[in-house]
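An overview of the molecular structure
Here is what each chain is made of, one letter per residue.
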Amino acid sequence: MAELFGFPLPLLLGQLMLGLVNGAFYAMLSLGLAVIFGLMDVVNFAHGAFFMMGAMFTWMGGQYLHLNFWWMLLFAPLLVGLFGIGVERVALRRLRGIDPIYGLLLTFGLTLLIEGVFRSFYGVAGAPYNPPELLSATLNLGFMFLPSYYLFAVAASLLISIGTWLLIERTKLGAYLRAGTENPALIQAFGVNFPRMVMLTFGFGSALAGLAGVLAAPVIQVSPLMGSNLVIVVFAIVVIGGMGSVLGAIVSGLALGLIEGLAKVLFPPISSTVVFILMALVLTLRPAGLFGKEK
Amino acid sequence: MLPRTRLSNILSNGLLWALLGLALIAPWIGLYPVLGMRMMCFALFACAFNLLAGYAGLISFGHAALFGGAGYLTGLALTAWGWPTPLGILTGVVTALLIGLVMGLLAVRRSGIYFSMITLALAQIVYFYALQANFTGGEDGLQGIPRGTLFGLPLQSDRVMYYLVLAVFVASWWFLRRVVHSPFGQVLQAVRENEPRAISLGYRVNRYKLGVFLISAGFAGLAGAMKAVVMGFETLTDVHWSTSGLVILMTLVGGLGTDLGPIVGAILITVLEEKMGTISHFLVKVTGIDWFHQLNDSVSMVIGAIFVLCVLLFRRGIVGEIRARLLLGKFAP
């Protein structure tokens, strides 16, 4: 059997593959966080709750309405996005102009509230969700058997992440967004409806988290608590990448997923903390993050 | 008529003495001592957090690591090593100081919202360590921590333990207040208000931040260590991020940056947690909706709702709101 650093190669490649799947989710989540933070100065703790809602809605849609995965891939992000818009209009809008920490505190409370509501109906135990029939085959990669759904999830997440990045960097809409991030007062003077832009951006970011939740439903156990531990990892990833940078969010999301996978083989005890340890390291060497600029 | 600042001072002193008097007689007029001790441990935890958040403007989202980390090491010292109680509590405080040193050194490199995210992430390392390490008992927690004795006093007695905790609490509260009003504390507030100016005045801002982080960590550790001794067990809840959130909420409800706010907040939230069963039964009876039973199981939902309302409508907290109204003269004719 082939070996690398004294570890069986199939095991290593297998964990790297799973790491890539996780990394793709990290990338999507940290991307949404970065966009929201850039425009609104809000660190959205509820991002994990939105992710969970996406997955729960997918499961509920199948359970109660017999809607298959593909329908929920459309509906669940829409619902989560609308919910996000509601949150922005009712609550976050009132916090503009005061210390950004209150945005974090508000969304933290919101997370407890949302999780609590779902928990009161579904408990804490997870439910499995089967991938759609089209993608239920298992591929033999030589070093491992990979459910074809995993490949789809990675490809979809990457496509969406890159698409979002292009949207922000290459289109007029994205130019507005970048201008709003730089100087809200100025683009308002040019006649852009800034409050509406903020609302839609938050809705978009939430929908992105919801979409990641839908994609994750067949991979991770669907449960009311699936989001909150994840969001803290994503926070660390965003700190590593540098808060301002959209590309940084995508790249570090993927990279840290892979590193986590690697850690599961090389030194399992640190696999759940390796991201935080790396964050500490990056902070000592480059406080602004790998892709960030000091403000 | 009295000047408003004097009125405010008299009221705040009055509240202080009333609270102290009440605390002294509480075990004899129906307060279950263990609940009282729980309140005081959380109140001290909130006061330690308030020193950092309210006066230095550094909102830590990782204080549970200090609180719970101290609790675990105190528990370990008292059970496995068989150390005497005071030494066990000291072990907890030293642990919190060490965790606080590492956390502080990294976190003070960034300020504002980044500081919160970094402390949160670093606290997760402690959480996962506690989850995996052998001595913590993982999901089961550390059970059967003995209270032991102090100078021959049997701490097994709830009332003796109660007065010990009260004494430690009052002394710590007084010390933390002294820190706020010391030159050191004044510099901290200057840094909070205008960091570039403090730097240009020649203060080594990061050293002050690290200093206050350590003081806060030490007292958070003291609170956690005492709680472990009082309750006789230590579980993962105390190192979980929800506990970091809880202490923020207590401070926020009472009033961030006020002397008495964290105490008021801690008492309110602890009572709420304790009495949630009664409240939910009451709601079921009145409304006839069975779902309200769920509130009892999911206290975090209620905590979350209070959090949201507090941030939206009530950012100054109870004590802060009263003080502001007195000082700004909203009641003036």
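Above this text sits the structure in question.
As the structure is a prediction and not an experimental result, all values here were calculated from the model.

Another point: the overall build of chain B. Along its length, chain B carries 14 helices and two strands. Since a compact globule built from 333 residues should have a radius of gyration of about 20 Å, the 20 Å found for chain B is in line with a globular shape. Seen along its three principal axes, the alpha-carbon backbone of chain B occupies a region of about 55 × 55 × 45 Å. Within chain B, buried positions represent 48% of all 333 residues.

This brings us to the environment of methionine 40 of chain A. All names here are of chain A. Considering the arrangement of structural elements, one finds methionine 40 in helix α1 (residues 9-40). Assessed through the 24 C-beta atoms surrounding it within 10 Å, methionine 40 is described here as buried. Taking the C-alpha atoms as reference points, methionine 40 and arginine 96, separated by 56 residues in sequence, lie 8.0 Å from one another. Once residues within four sequence positions are removed from consideration, methionine 40 is found in contact with Val198 and Phe202.

All names here are of chain A. In the Ramachandran plot, aspartate 41 falls in the positive-phi region, its phi being about 60 degrees despite a non-glycine side chain. You can see aspartate 41 is positioned in the loop between α1 and α2 (47-64). With phi around 55 degrees, histidine 66 is a residue other than glycine that occupies positive phi space. Mapped onto the secondary structure, histidine 66 falls in the loop between α2 and α3 (69-90).

Listed as interface residues are 32 residues of chain B and, on the opposing side, 34 residues of chain A. Residue assignment for the side of chain B that touches chain A shows that the elements contributing at least two residues are α5 (112-132), α10 (241-254) and α13 (299-313) of chain B. The element best represented in the side of chain B that touches chain A is α5 of chain B, accounting for 13 residues. For the side of chain B that touches chain A, a count of residues per class yields 20 nonpolar, nine polar and three charged.

Between two packed helices, the angle of one axis relative to the other and the distance separating the axes together describe the packing. Residues and elements named next belong to chain B. Helix α9 (residues 205-231) packs onto helix α7 (residues 183-193) with a crossing angle of 115 degrees between their chain directions and a minimal axis gap of 10 Å. Crossing of α7 against α9: the hand is left-handed. Contacts between α7 and α9 pair Val187, Leu188 and Val191 from the former with Val205, Tyr208 and Val212 from the latter. Per-class residue counts for the contact of α7 with α9 are six nonpolar, no polar and no charged.

All names here are of chain B. Take glycine 320: it is sitting in helix α14 (residues 317-328). On the basis of neighbour count, glycine 320 is assigned to the buried category, with 21 C-beta atoms found within 10 Å. Spatially, the C-alpha atoms of glycine 320 and glycine 255 are 4.8 Å apart, while their sequence positions differ by 65 residues.

So, about the packing of helix α2 (residues 33-55) of chain B against α10 of chain B. Residue and element names in this part refer to chain B. As a packed pair, α2 and α10 sit with axes 9 Å apart at the nearest point and diverge in direction by 80 degrees. Compared by their axis directions, α2 and α10 come out roughly perpendicular. Residue-level inspection shows Phe42, Phe45, Ala46, Phe49, Asn50, Ala53 and Gly54 of α2 in contact with α10, the latter providing Val247, Met250 and Thr251. The residue makeup of the contact of α2 with α10, split by class, is seven nonpolar, three polar and no charged.

Bringing the nonpolar core into the picture now. With 195 residues, the main nonpolar core has Ala236 and Met279 of chain A together with Ala43, Leu44, Phe45 and Ala121 of chain B as its most contacted residues. Per-element tally for this core: the top contributor is α2 of chain B, with 16 residues. Setting aside chain neighbours within four positions, we find methionine 279 of chain A in contact with Ala236, Val239 and Ile240 of chain A together with Ala121 of chain B.

Procedures and definitions
- Residues numbered from 1 in each chain as written.
- Chains lettered and ligands numbered in written order.
- Predicted model: local features only at pLDDT ≥ 70, side-chain atom pairs only at ≥ 80, totals over all residues.
- Helix = DSSP H or I, 4+ residues; strand = E, 2+ residues; numbered from the N terminus.
- Rg over C-alpha atoms; globule rule 2.2 N^0.38 Å.
- Buried ≥ 20, exposed ≤ 12 C-beta atoms within 10 Å, placed from the backbone.
- Contact = placed C-beta atoms within 7 Å.
- Nonpolar A, V, L, I, M, F, W, Y, C, P; charged D, E, K, R; others polar.
- Axes fitted to C-alpha atoms, helices over the stretch in contact; angles between N-to-C directions.
- Left-handed = near helix turned anticlockwise from the far one by under 90°.
- Parallel < 35°, antiparallel > 145°, perpendicular 65-115°, else oblique.
- Core = buried A, V, L, I, M, F, W, Y, C linked by C-beta atoms within 7 Å.

Just distances and angles here, no functional claims.
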